[in-house]
Amino acid sequence: MSAAFDVIIAGAGSVGLPAAFFLAEAGVKVAVFDPEASPGRGQNRAAIGGIRATHSDRAKIALCRESIDFFASFKERTGDDIGWRRGGYTFVAYSEPIETMLRTLVEKQKTFGLVIDWVGPEKIVELVPGVATAGLLGGTFSPEDGSASPLLCATAFKRRAEEKGARFFFREPVTRIRVEGGKVRGVDTPKAHYEAPVFVNAAGAAAREIGALAGLTVPVEPDCHEAGITEPVARFMEPMVVDIRPAPGSKNFYFYQNAEGQVVFCITPDPPILGTDNRSTSVFLPMVAKRMVALLPRLANLKIRRVWRGLYPMTPDGSPLLGRAAGIEGYYLAAGMCGQGYMLGPGVGALLSRLLTGRETPADRDAIADLRPDREFRGMEALK
Amino acid sequence: MVERRVKRHPILPPAATPAEVPFYWNGERLLARPGEVISSALFAAGIHVFGHHPRDGAPLGIFCANGQCAQCTVIANGVAVKSCMVPVTKDMVVESCDRAPKLPVLGEAPAIGETKTLDTEVLVIGAGPAGLSAAIELGKLGVRTLVVDDKDRPGGKLVLQTHKFFGSIEDTRAGTRGIDIAAELAAEIAALPSVTLWLESTAIGVFSDGRVGIVRRNAYFLVDPDALLVAAGAREKQIPFPGHTLPGVYGAGAFQTLLNRDLVKPCGRLFILGGGNVGLIAAYHALQADLEVVGLAEALPAVGGYEVHADKIRRLGVPIFTSHTVLAAHGTEHVESVTIAEVDREFRVVPGTEKTFAVDTLLVAVGLSPLDEFARDAVAFGMKVEAAGDAAEIAEASAATFGGRIAALKLARRLGLPVADVPREWEEKLAVLKARPGAPVPHAFEPPDLPVYPVIRCTQEIPCNPCSTVCSKHAIDLDGDPILGRPRFAGPECSGCAKCVAICPGLAITMVDGRKDPENPIVTVPFELAGERVAKGSLVLATGARGEPLGLFPVVDVKNRKAADRCLLVMLRAPKATAPLIAGIRVQDPAEMRPLEEALAGETADDVVICRCEHVTAGNIRKAVREGTRDLNEMKAKLRVCMGACCGKNCPELIEKIFRAEGVDPGKTTPNTRRPLFVEVPFGVFAGGSKE
């Protein structure tokens, strides 16, 4: 069996799904391959759902702004309720160094036109009723950021992409990428081969392995974060709360109340837990609960329902790899999202669609210039 | 207000303490017994509806009574809690939960503490028959063993079992009541220095680092065992029919918990679906508590449980409808009636056979599923693990006690302890105890030419032999097999001691004694309901083996022997020809259990709720299947099945049935990913650590 497409995407996840949607919308014949049984079963399902544009670099800000516009208009555009809420993000400060760092960053973010401000402790108490006030110095608040359900998004993207003609091949991993004369020709799977002049590696945590199929070194190393979700309760807070104080065993943690009223939370282990093991550990619950209850004591009575681990496909500098891979014509990378694939996804997908149909904007060219896979990796993004 | 508490019970002792703890339900002052859980205190006040589902406003109440779901959530002193797990405290303000509960701001910061990690050689999850038996075996070997159980007393479901157990006296304490077996096993545990028993301690997950999270009261511990023995029991299967989520529809386990643990009457008139041992015994337990059992339906052409259990309730006056199923439970806030109908061999409803009964409760006893997640996770994480009892394979408690011992020895060997092989005869005995009952044989009995003799109505092969064991004349023969054979009186003589009558767990033996008056012998009938029903000098309606009425006969005496252990020996005088036919005493009239004039119709099948946490209907699930959904995880993403408060424990089995009904090969579907937690736990427990 064989079939011919314009574009083949490896990975029906946070990035591959919106990419397929926007490509199909642009009239491109697109096929998506994934080893899992249904959409979003890689790391998309592990995302907690936060969506913000308040990053510290030009490209991610632009991509996420486009994402937010899309998430916010998702229902009008597609008819699907994905649980979008524009609750904002607040980074809280309980120490002077963190206050200084956040205030400096706010000034930089404002220069990008982001709606974000430093607010005093009274405002934080208003945003997060019941928050611990001892030592609270204030924090940032960016009201345009928000959240939506990754599970609902994956379902909706797949359905809408299919409606527009995209084809999905589940339980069918890409096992070989056919390259002839330096040009992509197609892919093989255990079931068949498929022809296409363009291949997009949107394989998330498996981007390195998919890269190796064509002899590419894709500098993506997953590390593991642990997350959880509670029972639903009546709405008591709107924003995503981020606490970047280090503590033994962890860097930052963050949580919000989703559209169902459930609190979804996540912690960043320190030192990072490298690798692809995503089985739940016994360390997570006591560690995260202590920090969350200390920050917001009322959570003590909130029941945790489920925990899981997800992989952050990290790059050396904490920023995504986006654009043409050097050396192979027709091979594109949309990978290394560093745990932000879900919020970057629609922006990245829309950009890819424009890029592959010759419609890219000057802003797209800027983003690709910053995120091109063959860049020199320096430093680390401030809020990673 | 009528207090709905069990005031008299033939087997269970009366409640030790009166209801004197005041609390408030939606502003009304009520009284609870000290230590009583909220749900039982509410049931004692006749309150069955605890709230309404935020999605569709459907009434909610008790479902599992076991801490496993959240259907019984109420607001207690401002905080949403599972009412079946939280005891009433003095002046507690309890309110119904009709929407997403509020999360109160706390006046003071809660305690933050460290979580201790404890080492043990073996961790046993579950202190039921299998877990306790395993721990006893491990304790005898000196193995450091920690047993955890989420309830406040050891014994698991044994503490709900007022009837005498089957099996053999030597191996499984046959003839002893479940409640007393629990006490005996607990006493043995207490005498073993290497075994520690933690009650009110819930295992909430097995983690990939080999640790098991335990919530002990409000403290959190991690246990790092060298090996794990899972004896966590089973959960009750559900069957979705219109109205199955109404308050008043309960699993038999929930019902027995309310009735036999908490001595609360959950209902007045009930119907039972399921003719396995669980359903049959639940009917018996209801009758013991003076509740009316209107009928029992079983979809198969014969009951699946022991015939002796079925006959026991037939004689008491319970109609058994074989080849029948429940079509619907009706009611708005609570069950008001139930419609049943006949089914053919393919389980298709036979039109025109619908019957509606006015009842306030329907018990669903359609089987059990092993609670296998702990063992499955432990295996996946490379731990040394064994499962025993219902967690390994659904069978009788007698098999669980034996299975626990075997699993303990296997685990000890895997730990490298110098333990002999599991004796082959143990494995053989376990296989016998797990054996399905044999085909029923019609009761045929020719009275022997003796002045006194027993009549044994044990109509199928089941693993049980105490009648033979206690017979001082060795006159009861087991047809060749030491335990599975059907007992019969082989003679040559009977001493008239009636020990066999008193010990038979199936109440299947009577004794005919014509020594004083050969023409009007005395028939000794075992009776385990309230003694007031069979007062000396009164007339009682005696029935034959299958409950057929034989006439009114005088009670000439009632013996309450210590050795008979609360089984009354009721002595009736009857004519010589009738005496050997008398098998039991009727307490309710099946003729009065008539259906309503007109049968009611149910909702359409599409409206039936499959996921009771998120109220996802069969119609929506079927639609997703027809759209091509084959991955249960995708179904979850689309519809929120497996996402609710029961932590995905209940609906996957029901969804699998829909897959099958839609012609989808279950082998082509992807199961939902299971993750901790096993039950929901508040943040404060993890944050507070191991401080108690």
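Only a predicted model underlies this, so the values are computations on that prediction, with no experimental measurement involved. (Residues numbered from 1 in each chain as written. Chains lettered and ligands numbered in written order. Predicted model: local features only at pLDDT ≥ 70, side-chain atom pairs only at ≥ 80, totals over all residues.)

Attention shifts here to the overall build of chain B. Within chain B one finds 16 helices and 36 strands. A globule of 692 residues ought to have a C-alpha radius of gyration of about 26 Å, and chain B, at 26 Å, matches this closely. (Helix = DSSP H or I, 4+ residues; strand = E, 2+ residues; numbered from the N terminus. Rg over C-alpha atoms; globule rule 2.2 N^0.38 Å.)

A separate point is the overall build of chain A. The helix and strand inventory of chain A stands at 10 helices and 21 strands. In summary, chain A has a C-alpha radius of gyration of 20 Å against a globular reference of 21 Å for 384 residues, a match within 12%. Along the longest, intermediate and shortest principal axes, the C-alpha atoms of chain A span 65 × 40 × 40 Å. The buried share of chain A, taken over its 384 residues, is 59%. A fraction of 72% describes how many contacts in chain A between residues 6 or more apart in sequence connect residues 24 or more apart. (Buried ≥ 20, exposed ≤ 12 C-beta atoms within 10 Å, placed from the backbone. Contact = placed C-beta atoms within 7 Å.)

Residues and elements named next belong to chain B. We note that the domain assignment places domain 1 (21-101 + 238-364), domain 2 (116-234 + 370-433), domain 3 (452-592) and domain 4 (605-668) within chain B. Summarising the inter-unit geometry, the C-alpha centres of domain 1 and domain 3 are found 33 Å apart. Each partner contributes residues to the interface: domain 1 has 15 residues there, and domain 3 has 22 residues. Of all the secondary-structure elements, those providing two or more residues to the side of domain 1 that touches domain 3 are α6 (277-288) and α7 (307-316). (Domains from an automatic or database assignment.)

Facing 40 residues of chain A, the contacting portion of chain B comprises 41 residues. Among the secondary structure elements, those contributing two or more residues to the side of chain A that touches chain B are α6 (150-163), β14 (221-232), α8 (284-295) and β19 (303-314) of chain A. At seven residues, the largest contribution of residues to the side of chain A that touches chain B is made by α8(A). Counted by class, the side of chain A that touches chain B contains 23 nonpolar, nine polar and eight charged residues. Two elements, β19(A) and strand β36 (residues 681-682) of chain B, share two bridges in a ladder whose sense is antiparallel. Of the residues in β36(B), the one forming a bridge with K303(A) is P682(B). (Nonpolar A, V, L, I, M, F, W, Y, C, P; charged D, E, K, R; others polar. Pairing = 2+ DSSP bridges.)

Here the focus is the nonpolar core. Here is a general trend for soluble globular proteins: nonpolar side chains tend to be buried in one another's company. Residues and elements named next belong to chain B. L229 and L362 are the most contacted members of the largest nonpolar core, which totals 368 residues. For this core, the leading source of residues is helix α9 (residues 397-414), giving 10 residues. Look past the residues within four positions of L229 in its chain and what remains in contact with it is V122, V124, A134, E386, A388, A407, A408 and L411. (Core = buried A, V, L, I, M, F, W, Y, C linked by C-beta atoms within 7 Å.)

To continue, consider the confidence of the model for chain B. For chain B, the mean per-residue pLDDT works out to 94, and 99% of the residues sit at or above 70. Taken together, the chains of this predicted complex give a pTM of 0.95 and an interface ipTM of 0.96. (pLDDT = per-residue confidence, 0-100.)

All names here are of chain B. Every buried residue belonging to helix α13 (residues 618-626) is among A618, I621 and A624, and all of these are buried. Projected down its long axis, α13 shows its buried positions confined to an angular sector of 125°, all on one face. Elements that come into contact with the buried residues of α13 comprise β34 (609-611), β35 (616-617), α14 (632-639) and α15 (651-661). A positive phi of about 110° marks G628, the residue just after α13. (Arc of directions from axis to C-beta.)

Attention now moves to the environment of A203(A). Residues and elements named next belong to chain A. Relative to the elements of secondary structure, A203 occurs in the loop between β13 (198-201) and α7 (207-212). According to the C-beta neighbour criterion, A203 is buried, with 31 such atoms within 10 Å. Sequence separation between A203 and A334 is 131 residues, and the spatial gap between their C-alpha atoms is 8.1 Å.

Attention now moves to the environment of V608(B). Residues and elements named next belong to chain B. Of note, V608 is situated in the loop between β33 (584-585) and β34. Judged by local crowding, V608 falls into the buried class, with 20 C-beta atoms found within 10 Å. Sequence separation between V608 and A618 is 10 residues; the distance between their C-alpha atoms is 5.5 Å.

Residue and element names in this part refer to chain A. Here β13 shows a buried face lined by V198 and V200 and a second buried face lined by F199 and N201. As paired elements, strand β2 (residues 7-10) and β13 share four bridges and run parallel to each other. Following the sheet pairing, A10 is matched in β13 by N201. Examined bridge by bridge, β13 and strand β21 (residues 331-335) share three bridges and lie parallel to one another. From the neighbouring strand, V200 faces β21, where its bridge partner is Y332.

It is worth spelling out the sheet that holds strand β28 (residues 509-513) of chain B at this point. Spatially, β25-β28-β29-β32-β31-β30-β33 (chain B) is the arrangement adopted by the seven strands of the open sheet, whose pairing is antiparallel. Only two strands of the sheet have a single partner each, and these edge strands are β25 (452-456) and β33 of chain B.

Across a sheet, strands are paired by hydrogen bonds formed along the backbone, either parallel or antiparallel in direction. Residues and elements named next belong to chain B. The five strands lie next to each other as β2-β1-β7-β5-β6, forming an open sheet whose pairing is mixed. Bordering the open sheet on either side are β2 (28-32) and β6 (79-82), each of which pairs with just one other strand. Within this sheet the neighbouring strands show an average axis-to-axis angle of 40°, counted without direction. With five bridges joining them, strand β1 (residues 21-25) and β2 adopt antiparallel strand pairing. Counterpart to F23 in the pairing with β2 is L30. (Axes fitted to C-alpha atoms, helices over the stretch in contact; angles between N-to-C directions.)

It is worth spelling out unusual backbone geometry at this point. In this model, D270(A) is joined to P271(A) through a cis peptide bond whose omega is 0°. If you trace the backbone, P271(A) turns up in the loop between β17 (262-269) and β18 (273-274). Cis geometry marks the peptide bond from G491(B) to P492(B); its omega dihedral reads 5°. Examined against the element boundaries, P492(B) turns out to sit in the loop between β27 (488-489) and α12 (499-503). Of note, the phi angle at E200(B) is positive, near 50°, even though the residue is not glycine.

Now for helix α1 (residues 16-25) of chain A. All names here are of chain A. For α1, a buried count of nine out of 10 residues is recorded, marking the element as mostly surrounded by other parts of the structure. Buried within α1 we find G16, L17, P18, A19, A20, F21, F22, L23 and A24. Those residues of α1 that are buried lie in contact with β2, β3 (30-33), α6, β13, β21 and α9 (341-356). Looking one or two residues past α1, G27 carries a phi angle of roughly 85°, positive in sign.

Residue and element names in this part refer to chain A. With domains assigned, chain A is organised as domain 1 (2-78 + 150-220 + 317-371) and domain 2 (89-145 + 221-314). Computed over C-alpha atoms only, the centres of domain 1 and domain 2 are separated by 28 Å. Taken together, the elements giving at least two residues each to the side of domain 1 that touches domain 2 come down to β4 (50-51) and α2 (58-72). Take the side of domain 1 that touches domain 2: its biggest share by element is three residues, from α2. Grouping the constituent residues of the side of domain 1 that touches domain 2 by class yields 13 nonpolar, nine polar and two charged.

Residues and elements named next belong to chain B. Taking burial as the measure, the seven residues of strand β19 (residues 324-330) include seven buried ones, the bulk of the element. Here β19 pairs with strand β20 (residues 337-342) via six bridges, running antiparallel. Note on β20: the bridge partner recorded for H324 is E342. From the end of β19 to the start of β20, which pair antiparallel, there are six residues, and G331 there has a positive phi angle of about 150°.

This next bit is on the environment of E114(B). Residue and element names in this part refer to chain B. For E114, the position within the fold is in the loop between β7 (92-96) and β8 (116-125). Along the sequence, E114 and V94 sit 20 residues apart, while their C-alpha atoms lie 32 Å from each other. Leaving out residues up to four positions away in the same chain, E114 has contacts with G689 and S690.

Moving on, we come to the packing of α2(A) against helix α10 (residues 362-371) of chain A. Residue and element names in this part refer to chain A. Interhelical geometry of α2 versus α10 gives an angle of 130° and a closest axis separation of 8 Å. One element, α2, and the other, α10, form an angle in the oblique class. In this structure, α2 crosses over α10, and the sense of that crossing is left-handed. Contacts between α2 and α10 involve R58, A59, A62 and L63 from the first element and A363, D366, A367, D370 and L371 from the second. Of the residues assigned to the contact of α2 with α10, the class counts are six nonpolar, no polar and three charged. (Parallel < 35°, antiparallel > 145°, perpendicular 65-115°, else oblique. Left-handed = near helix turned anticlockwise from the far one by under 90°.)

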